[in-house]
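# Structure at a glance
One letter stands for each residue in the lines below.
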Amino acid sequence: MEHVRLGSSGLKVSRICLGMMSYGDPAQREWFLDEQAAEPLVRRAVEAGITFFDTADVYSLGVSEEITGRLLRRLFARRDDYVLATKVHGAMGDGPNDRGLSRAHIMSAIDASLRRLGVDHVDLYQIHRWDPETPIEETMAALHDVVRSGKARYIGASSMWAWQFAKAQQVAAANGWTPFVAMQNHYNLLYREEEREMVPLCADQGVGLIPWSPLARGVLAGNRDRDGARHTARAASDAFADRFYDDTDFDVVDAVRAVAEERGRAPAQVALAWLLAKPGVAAPIIGATKAQHLDDAAAAVGLDLSDEEIARLESPYRPHPVLGHS
């Protein structure tokens, strides 16, 4: 497993990040894996050299953080041997201050996340989305104080408009506060709208990209077909994928399958290799509910695509409405 710096920061992360959203309470969603089922998968990830793990307080309403914390403490000898990321924004209760990016919520949310994770700090604390109701000055000041307190080493952001991200960075710079070092954005072969503004902005600012849904919620890996067939429990109940992707995207899926067949590789490996080769991409965040998902991700790190193969993968793409910001 290769390791790279996260953007222009000094933090080094594995080229693959294991997303922990799939691990939680199965009573909430049928495709969640409980701790017992998750442990062999996380162990396999560690054995493959993955040292970067991403979760969020809202994943399974905190259960994901609890599972993540317990498993990482069992699988690593030292806290400094892995990079742990979590996120804040979503509703964690019914109160008016139990959500968003106010100082009130951020300060209580970081403490709650640390308790669930069983650690004294996270390496990367991310805002899960933009909060239009809170002044960005208040949010950035609170995040700076979280870093200054030692409860987080770095901060990052997730999907938003490029102008919003630029504004947040400018506010931090103007006040001498901690800037974002990472952008967790919606980016894959089926959704490349981020290449218009966010990707160039992050490249200019030295911000590392850790894309979510690098396999388009499994579509690029073959979890559904052009005729509407669904092959996994998640694909059968994933309203997000139904909203994000359409029939024209299967032209790209067909290209991925063709290149994969010629290479003797799985389609997931080809799709991830394409993303890993993109400028600024540090570590795509993969979900894994089967051992093969991890094996494909690890194999993708060493797969170099030719210029001709990349052109074939990219040529069927059609512009999409901007999605994933809320």
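Preceding this paragraph is the structure being described.
Since this is a predicted model, take the numbers as computed values, not measurements. (Residues numbered from 1 in each chain as written. Predicted model: local features only at pLDDT ≥ 70, side-chain atom pairs only at ≥ 80, totals over all residues. Heavy atoms only, no water.)

## As for the overall build of the protein
Looking only at helices and strands, the protein features 12 helices and 10 strands. For a compact globule of 326 residues, the expected C-alpha radius of gyration is about 20 Å, and the protein comes in at 19 Å, within 12% of that figure. Each of the three principal axes of the protein carries a C-alpha extent, and together these read 50 × 40 × 35 Å. Out of the 326 residues in the protein, the part that is buried amounts to 56%. Partitioning the contacts of the protein with sequence separation of at least 6, the portion at a separation of at least 24 is 77%. Surface accessibility of the protein: about 13500 Å² in total, with carbon and sulfur atoms responsible for 49%. Taking the average location of the 36 positive side-chain charges in the protein and that of its 46 negative ones, the two points are 3 Å from each other. (Helix = DSSP H or I, 4+ residues; strand = E, 2+ residues; numbered from the N terminus. Rg over C-alpha atoms; globule rule 2.2 N^0.38 Å. Buried < 20%, exposed > 50% of the residue type's maximum accessible area, 1.4 Å probe, protein only. Contact = heavy atoms within 4.5 Å. Areas by Shrake-Rupley, 256 points an atom, 1.4 Å probe, with all protein chains shown as cover. Lys, Arg positive; Asp, Glu negative; His and termini not counted. Charge placed at Lys NZ, Arg CZ, Asp CG, Glu CD.)

## Here's the deal with the pairing of strand β6 (residues 122–127)
Among the 6 residues of β6, 6 are classified as buried, and the element is accordingly described as predominantly covered. Here strand β5 (residues 83–88) pairs with β6 via 4 bridges, running parallel. Bridge pairing links Thr-86 to Tyr-125 in β6. With respect to chirality, the unit in which β5 leads through helix α3 (residues 103–117) into the neighbouring parallel β6 is right-handed. With 5 bridges joining them, β6 and strand β7 (residues 152–158) adopt parallel strand pairing. For Leu-124, the partnering residue across the bridge sits in β7 and is Tyr-154. (Pairing = 2+ DSSP bridges. Right-handed = clockwise from strand over helix to strand, strands pointing away.)

## What about the environment of Leu-275?
One can find Leu-275 in helix α10 (residues 267–276). Exposure remark for Leu-275: the relative accessible area of 0% places this residue in the buried category. Taking the C-alpha atoms as reference points, Leu-275 and Ala-300, 25 residues apart in sequence, are found 9.6 Å from one another. When residues no more than four places from it in sequence are discounted, the contact partners of Leu-275 are Tyr-187, Pro-211, Pro-214, Val-281 and Pro-284.

## A word on a nonpolar patch on the surface
On the surface, Trp-161, Trp-163 and Val-322 cluster together to form a nonpolar patch covering roughly 340 Å² of accessible area. Positionally, Val-322 belongs in the segment after α12 (307–314). Among the residues examined, Val-322 registers a relative accessible area of 41% and is labelled partly exposed. (Patch = residues over 30% accessible without salt bridge, like charges linked within 9 Å, V, L, I, M, F, W, Y side chains within 5 Å. Salt bridge = Lys/Arg side-chain N within 4 Å of Asp/Glu carboxyl O.)

## Some words on the pattern of salt bridges
Across all of its chains, the model carries 19 salt bridges by this definition. With a closest N to O distance of 4.0 Å, Glu-2 and Arg-15 form a salt bridge. You can see Glu-2 sitting in the segment before β1 (3–5) and its partner Arg-15 sitting in the loop between β2 (12–14) and β3 (17–19), a full 13 residues away along the chain. The exposure class assigned to Glu-2 is partly exposed, which follows from its relative accessible area of 42%.

## A word on helix α11 (residues 291–301)
Listed in full, the buried residues belonging to α11 are Leu-294, Asp-296, Ala-297, Ala-300 and Val-301. The buried residues of α11 occupy an angular sector of 160 degrees when the element is viewed end-on, so they sit on one face. Next to the buried residues of α11 lie β3, α1 (35–47), α10 and β10 (285–286). (Arc of directions from axis to C-beta.)

## Side note on the side chain of Glu-309
Here Glu-309 lies in helix α12. Overall, Glu-309 belongs to the buried group, its relative accessible area being 8%. In this structure Glu-309 touches Val-259, Arg-263 and Asp-304, once residues within four positions along its chain are discounted.

## Things to note about the packing of helix α5 (residues 162–175) against helix α6 (residues 198–205)
The N-to-C vectors of α5 and α6 enclose an angle of 20 degrees; their axes lie 9 Å apart at closest approach. The angle between α5 and α6 falls in the class roughly parallel. For the element pair α5 and α6, the recorded crossing hand is right-handed. Packed against α5, whose contacting residues are Ala-162, Phe-165 and Ala-166, the element α6 presents Met-198, Leu-201 and Cys-202 at the interface. For the contact of α5 with α6, the class distribution of residues is 6 nonpolar, no polar and no charged. (Axes fitted to C-alpha atoms, helices over the stretch in contact; angles between N-to-C directions. Parallel < 35°, antiparallel > 145°, perpendicular 65-115°, else oblique. Left-handed = near helix turned anticlockwise from the far one by under 90°. Nonpolar A, V, L, I, M, F, W, Y, C, P; charged D, E, K, R; others polar.)

These figures capture arrangement, not role.
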